[in-house]
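Listed below are the residues making up each chain.
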Amino acid sequence: MAIERYNAREAEARWQEVWDRRDIFATANSDPRPTYYVLEMFPYPSGRIHMGHVRNYTMGDVVARYKRAKGFNVLHPMGWDAFGMPAENAAMERKVHPKAWTYQNMSAMKSQLKAMGLSLDWAREIATCDPSYYKHQQRMFLDFLKAGLVERKLGKVNWDPVDRTVLANEQVIDGRGWRSGALFEQREMLQWYFGISKFSEDLLRSLDRLDRWPEKVRVMQRNWIGRSEGLLTRFALDPQNHAERRERARHLHHAAGHAVRRQVHGALAGSSARGRGGSQESRARGLHRRVQASRHRPAGDRHRREGGFDTGMKAIHPFDPGWTLPVYVANFILMDYGTGAIFGCPAHDQRDLDFVNKYGLGNTPVVCPPGQGPQDLRHHRHRL
């Protein structure tokens, strides 16, 4: 007996129509069966489903169908991650309103997802750009604000002066905005921040209870939380040539404005090496050039090559008054970490080691990795 070949186009469409007519994937709140919730990440409405979507939603659908077969009242909704700069950029490029472009894409992608026959309750569909959704986020924000868990402060952003918008690091190509081609610059803008760091200790302790999580995932989470402790120390400046030092500081401040104090990352490289000399005016011009170059590097760029500028000033080591330390302005210290001015630790930090080696400042190794001695650490890169 000949077996009829399965016709996917005909059979899938026929059974999906039956499923829709009978609402077999609808989830009633009054259902007395035990509940189970399946939620995959919402797709961004780019206008097209790709194989990554197919893989992701197929896996979630398998779980939803299995739990439904086991007698659970399964809630399996779908939504659209529809807020963000990409929608605005795409709308500008096509000269249409962002809302029209976004909802057209949602409609097209919904048809594609339905064709896959996923066990979704489309009555629960939401879009994050819809007021019926984000009004709840706004209420939550106000609750956080009342509880003192959000604050407004200055933060660095990448600014496109032509499009007059903020750019993600990925949208900066060779120092220019990806769409306008304009040379971008770093700016400080007022932004809202959630006080997540207040709960760092609680989050870290909670990770220890997730003993069924893979250790590598827990390590990633600990690194993301990023809790650390430091020591605030005041360094006195070398009183030698006091008038010259004060004049130099005046010129440096005049050259870079607030950049010395805020926009440029400051570092104290731990070494007794002497400065390279030079007039106050030449140092001011040199620092000014460094500041301007730093403004055209993406905010939060952790992959930039270490670069520094010797201010000519010296700080006195707090534990040894006879030991003076050169004060450098560096481009890799995070301004929002601590005070933005740090004491270099080349014996224990790779980037500090690269920095002192680059400028010949020397360092005193304290702990050596297996197979390496102090001489290795003074002159070569290492990984602890």
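From a predicted model like this one, the values you see are computed outputs, not experimental measurements.

(A) Seen up close, helix 6 (residues 200-207). Turning to helix 6, its buried residues number three or more, namely Ser200, Leu204 and Leu207. All buried residues of helix 6 fall inside an arc of 55° around its axis, so they share one side. The inward-facing, buried residues of helix 6 contact helix 7 (215-225).

(B) Highlighting the pairing of strand 11 (residues 308-317). Counting buried positions over the 10 residues of strand 11 gives 10, a clear majority of the element. Here 7 bridges tie strand 11 to strand 12 (residues 320-330), and the two strands are oriented antiparallel to one another. In the sheet register, Ile316 faces strand 12, and the bridge partner there is Thr324. The loop that links strand 11 with its antiparallel partner strand 12 comprises 2 residues.

(C) Up close: the sheet that holds strand 5 (residues 150-160). Pairing in this open sheet of 3 strands is antiparallel, and the strands run 6-5-9 from one edge to the other. Because the sheet does not close on itself, it has two edges, and the strands there are strand 6 (165-167) and strand 9 (185-194). If you compare each strand with its neighbour and ignore which way they point, the axes differ by 55° on average. Across 10 bridges, strand 5 lies against strand 9 in antiparallel orientation. Looking at the pairing, Trp159 lines up with Glu185 of strand 9. Of the strands in this sheet, strand 5 and strand 9 touch helix 5 (residues 131-146), which is tilted by about 85° from strand 9.

(D) A look at helix 1 (residues 8-22). When the terminal C-alpha atoms of helix 1 are compared, their 21 Å separation across 15 residues agrees well with the 21 Å that a helix rising 1.5 Å per residue should span. Listing the buried residues of helix 1 in full gives Ala11, Gln16 and Val18. The buried side chains of helix 1 occupy one side of the element, clustering within an arc of 155° when seen end-on. Facing away from the buried surface of helix 1 by more than 90 degrees, the exposed residues are Arg9 and Arg21. As for helix 1, its buried residues are in contact with helix 4 (98-115).

Reading guide: rules and limits
Within each chain, residues carry numbers counting from 1 in the order of the written sequence. For this predicted model, a pLDDT threshold of at least 70 governs which residues receive local features, and a threshold of 80 or more governs which side-chain atom pairs are given and counted, while totals over whole chains, interfaces and linings are taken from all residues. Remark: hydrogens and water are excluded; side-chain values derive from all non-hydrogen atoms of the structure. Between buried and exposed lies partly exposed: a residue is buried under 20% and exposed over 50% of the maximum accessible area for its type, with that area taken using a 1.4 Å probe on protein chains only. Runs of H or I in DSSP of at least four residues are treated as helices and runs of E of at least two as strands, each being numbered from the N terminus. Note that the arc is defined by the directions from the helix axis to the C-beta atoms. Contacts are assigned to residue pairs with any non-hydrogen atoms lying within 4.5 Å of each other. By the convention used here, strands pair only if DSSP detects at least 2 bridges between them. Interaxial angle, 0 to 180 degrees, is taken between N-to-C directions of lines fitted to C-alpha atoms, where a helix line uses only the stretch in contact. Here the expected span of a helix is defined as 1.5 Å times the quantity of residues minus one.

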